[in-house]
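Structure at a glance
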Amino acid sequence: MRIFVAPGSLRAGELSVAGDEHHYLGRVRRARIGDAVDLVDGEGHRASASIVRMTETETILSVSTPAAIVAAPPHITILLPLIKGDRMDTALEKLVEVGADSILVWPAQRSVVKLEAERLTSRIAKYEAALAAAARQSGRATVPTVRWSDTLQAAVSSSASSDSKLVLDPTSDTPLDRALAHGDRIVFASGPEGGLAPSEIELLFVAGFVGVGLGPRVLRAETAPVAAVAIVRALTHS
């Protein structure tokens, strides 16, 4: 079983785990003294451990020397527009499972849902928690980062150094595998429920993005970026 610990806390010796991870071990997994636990800090470090004590409020672990985890290339960034309701949560969860590394959430012109400034901090915290839970469930050793971008232009600028810059376009006849360039950094831009606005598509093309299709059917906003990442991971065996 695997749990996440706070960045900077993973070191050899005894470690106390409380809160959600303690609940996960004791109540969800019904762990017992002596059980083996895999610890990751979400920032590329892993250590094996065993349970030495359990109380109502904490689990005490004996931790071995941590080791660095080398992430398999390519590094994949998703420019993900706001999507309505549970479909946003689904997109985030599945992006973790298929192997996205970084997610930039932005307010597309045609996004059905809008995010007020006063709710931004709590919403991003909710997204971070969802990504961590999905990483634990899927067995990932690292948690993808999620950040907010006020505009598409800002999101594009932050990904300017990517080797492959691709926009998911259901009208494009260019298959994904033919558009991938040599290099270890890929960024995908995807649209909301109503699709990308003409001005957004123009901005992406001016920034060097290439339109790619994912087959003969139009995929939903929460499905297209997940399919794109899964295809890349399959093509690169990573």
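Summarised in this report is the structure supplied together with it. Because the structure is a prediction, the values reported are computed rather than measured.

Definitions and cut-offs
All chains use their own residue numbering, which begins from 1 and follows the written sequence. Predicted model: local features are reported for residues with pLDDT of at least 70 only, side-chain atom pairs are reported and counted for 80 or more only, and whole-chain, interface and lining totals are derived from all residues. Excluded from the side-chain calculation are hydrogens and water; included are all heavy atoms of the structure. DSSP bridges decide pairing: two strands pair if at least two such bridges lie between them. Runs of H or I in DSSP of at least four residues are treated as helices and runs of E of at least two as strands, each being numbered from the N terminus. Fitted lines through C-alpha atoms serve as axes, helices being fitted only where they are in contact, and the angles separating the N-to-C directions of these axes extend from 0 to 180 degrees. We call two residues contacting when some pair of their heavy atoms lies within 4.5 Å. Here the word oblique covers every angle except those under 35 degrees (roughly parallel), over 145 (roughly antiparallel) and from 65 to 115 (roughly perpendicular). Think of it in three bands: residues with accessible area under 20% of the maximum for their type are buried, residues over 50% are exposed, and the middle band is partly exposed, with areas taken using a 1.4 Å probe on protein chains only. Whether two aromatic rings pair depends on their centres lying within 6.5 Å, for rings of Phe, Tyr and Trp, where Trp uses its six-membered ring; planes under 30 degrees apart make the pair stacked, over 60 edge-to-face, and the rest tilted. Two thresholds decide whether a charge sits over a ring: the Lys NZ or Arg CZ must be within 6 Å of the ring centre and within 35 degrees of the ring normal. Put simply, a salt bridge is a Lys or Arg side-chain nitrogen that is within 4 Å of an Asp or Glu carboxyl oxygen.

Regarding the sheet that holds strand β12 (residues 210-212)
With parallel pairing, 6 strands are arranged side by side in an open sheet as β9-β8-β7-β11-β10-β12. Because the sheet does not close on itself, it has two edges, and the strands there are β9 (145-148) and β12. Looking at each pair of strands side by side, their axes are set apart by 25° on average, direction ignored. One ladder, built from 4 bridges, connects strand β8 (residues 102-106) with β9; its direction is parallel. The partner of Ser102 across the bridge, within β9, is Thr145. Each of β7 (75-81), β10 (164-168) and β11 (185-189) is contacted by helix α7 (residues 224-236), which is oriented at about 170° to β7, the strand it contacts most.

Concerning the packing of helix α2 (residues 86-98) against α7
Where α2 meets α7, the closest approach of the two axes is 9 Å, and the angle between their N-to-C directions is 0°. Judged by the angle between their axes, α2 and α7 are roughly parallel. On α7, the residues touching Ala91, Lys94, Leu95 and Val98 of α2 are Pro225, Val226, Val229, Ala230 and Arg233.

Describing unusual backbone geometry
Between Pro73 and the following residue, Pro74, the backbone shows a cis peptide bond with an omega angle of 5°. Its location among the elements puts Pro74 in the loop between β6 (67-68) and β7. Although it is not a glycine, Arg30 adopts a positive phi angle of roughly 50°. By secondary structure assignment, the location of Arg30 is in the loop between α1 (19-28) and β3 (36-40). With a relative accessible area of 57%, Arg30 lands in the exposed category. Phi angles above zero are rare outside glycine, and His237 is one such case at about 55°. Within the secondary structure layout, His237 lies in the segment after α7.

Re the packing of aromatic side chains
What the rule picks out here adds up to 0 aromatic pairs. The ring of Tyr24 has Arg136 sitting right over it, with the charged end atom 4.0 Å from the ring centre.

Points about the pattern of salt bridges
Side chains that differ in sign of charge can pair as their charged atoms come close. One pass over the full model with this rule turns up 11 salt bridges. For Glu21, the salt bridge identified is with Arg136, shortest N-O distance 2.8 Å. Here Glu21 is found in helix α1, whereas its partner Arg136 is found in helix α3 (residues 120-138), with 115 residues between them in sequence. For the salt bridge of Glu222 with Arg87, the shortest nitrogen-to-oxygen distance reads 3.1 Å. Note that Glu222 is positioned in the loop between β12 and α7 and Arg87 in helix α2, a separation of 135 residues in sequence. By relative accessible area, Glu222 is classed as buried at 11%. For Arg87, a relative accessible area of 27% puts it in the partly exposed group. What you see here is one network of salt bridges that share partners, running through Arg2, Asp38 and Arg46.

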